[in-house]
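Descriptive structure summary
The lines below spell out each chain.
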Amino acid sequence: MFKNHDLYCFVVSRQFNGIKGLVLIFFLLLMLPSVGWPKEAIPVAEDPVVEKRMLALTMDLRCLVCQNESIADSRAEFSNDIRREIREQIKANKTDQEIVQFLVDRYGDFVLYNPPMKPTTMLLWFGPVILFVIGLGSLIIYLRRRRVQIEDVSLSQVQLERAEALLNENKKGKNV
Amino acid sequence: MMRYLIPLFAFIVLAAFLLVGLTLNPRQVPSPLIDKPAPIFQLNHLHEPDRLMASKDNLGKVWLLNVWASWCVACRDEHPLLVQLANSGIVPIYGLNYKDERTTALQWLKRYGDPYTISIVDPDGRVGIDYGVYGVPETYVIDKKGIIRHKQIGPVTVDSLQNTIIPLIIELQKQA
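Everything in this summary refers to the structure shown in the same document.

Procedures and definitions
- Residues numbered from 1 in each chain as written.
- Chains lettered and ligands numbered in written order.
- Predicted model: local features only at pLDDT ≥ 70, side-chain atom pairs only at ≥ 80, totals over all residues.
- Heavy atoms only, no water.
- Disulfide = S-S within 2.5 Å.
- Buried < 20%, exposed > 50% of the residue type's maximum accessible area, 1.4 Å probe, protein only.
- Contact = heavy atoms within 4.5 Å.
- Buried area = accessible area lost by both parts, 1.4 Å probe.
- Salt bridge = Lys/Arg side-chain N within 4 Å of Asp/Glu carboxyl O.
- Polar contact = N/O pair within 3.5 Å; in protein donor to acceptor, adjacent residues only side chain to side chain.
- Helix = DSSP H or I, 4+ residues; strand = E, 2+ residues; numbered from the N terminus.

All names here are of chain B. A complete count under the given rule lists one disulfide over all chains for this structure. The residue that forms a disulfide with C72 is C75, at a sulfur-sulfur distance of 2.1 Å. Negative torsions about the S-S bond denote left-handed disulfides, and the value of about 95° found for C72 with C75 makes this one right-handed. In this structure, C72 and C75 share a single accessibility class: buried.

Now for the interface of chain A and chain B. Each side of the interface is counted separately: chain A has 17 residues, and chain B has 16 residues. Summing the contributions of chain A and of chain B, the shared interface buries around 1400 Å²; its carbon and sulfur component is 49%. Together, R84(A), R106(A) and Y107(A) form the three largest contributors to the area buried by chain A at its contact with chain B, with a combined 36%. Applying the counting criterion to the chain A and chain B interface returns four salt bridges. Across the salt bridge formed by E77(A) and K99(B), the nearest N and O atoms sit 2.9 Å from each other. On inspection of chain A and its partner chain B, the count reaches six residue pairs in polar contact (both at pLDDT 80 or more). Every element with two or more residues in the side of chain A that touches chain B is listed here: α4 (77–91) and α5 (96–107) of chain A. When residues in the side of chain A that touches chain B are grouped by element, the largest group, seven residues, is from α4(A).

A few words now on the pattern of salt bridges. For the structure shown, the criterion picks out twelve salt bridges over all chains. Its salt-bridge partner being D130(B), residue R106(A) comes within 3.0 Å of it at the nearest N-O pair. Highlighted residues: R106(A) in helix α5 and D130(B) in helix α4 (residues 126–130), drawn from two different chains. Of the charged contacts, one joins D124(B) and R126(B) as a salt bridge, the two residues approaching to 3.1 Å between their closest N and O atoms. With relative accessibility at 31%, the residue D124(B) sits in the partly exposed group. Note on R126(B): relative accessible area 31%, which makes it partly exposed. Here the salt bridges share partners, and the residues they tie into one network are E77(A), D81(A) and K99(B).

Listed below in C-alpha cells is the structure:
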C-alpha cells in the first residue's frame, strides 16, 4: 500500500500522464473512506397483528441482560431472541398466558414486571402499605401530643396582666 | 432520649438493608429450572456437523453442560479451569456452542484447548431459551436422571468449583 508520503513523492516526481496517471487515480480512489450505500429498510413486522400482540406482551417483560429495560424496548440480542420466540408462538396460536408461562418456566418470575402474589412477594406487595400505615400512625401520635403541649401552655393571671401592661405601654409610646 | 434513638434505629435498619444489597448480584437470577428435568434437545455436533447428540444420550451419568461462545470474553476466563477439570476426569463436560460461527468456534477451541467430550451447536439460541440462558457462560450440573441440580451463571471460578460444583458432582455420582 502507498503511504501518504510515498504518494506525494510520486505526484511530485512523475508526470501525471498515461498508465501512471490511471494507477495514481486508482490508488487515490482506494484511499476514499468506504461509502455506506443506503438500503431500503427491512420491514420489522411481516404481520402487524402479530407484532402488536408481541409488543403488548413484551412491554411487561423484563430483559434479563439489560435489567432496566423491557423486552419490547431492548435491542439486546437476548430480547431479539425472545421477541422472535414470542412471534413464533403467537403464530402457533398460543394464548398470551401460555406464552408468559413459557417464559416464567425458563427465566422465573423475574421476567415479569408484574410480580405474582406469593409468600415471597408479600413484602413487595404490602410493604408500601405497611410503611404508609406506620407513617400515618406516627403522624397522628405526633399531632395529638402537640395539641396536648399547646393546651398546656396557658398563661396564668399574673402573666396575663403583665402582658396587658406591656401592650398598653407600647400603645402609649406610639401615640406620642 | 427516645427522639434520638428512633432515627438512629431507623438508620441502622436502612444501613443493614443497603449493606446486604451491596453483596447481592442483581444479575444472578435464580433459575426456576433447578431440580427440574433438563430440557431435551437434539443438536448437531460442532466438529462433525452431520452427527447428532440428544440430551437423553447422557442419562445414567452426571455431566456438565457448559454454554459458551467464541465472542464471549468471560468464557476465556473460565476456559483454563474447564480444561483442567476435563483432564482430571471427574466429570464429562459437554459444550453448547451458543449463537456462534462454526469456523471461529473451532478456531477458538484449537487456540484455548478443548475440554468438551462433545461440542454441540445452538446457532440461533433456541435451546438456550429452553435452558433459560441469558448470560454466557453458564454451566449446568445435570444428574443421572437428567435433572438439573445446579446452575452457575457467569464463569466458573476456582472457588465455585471447589466449594460447590465438584462436591455436588461427587455427591450425585454416589446416587443410583
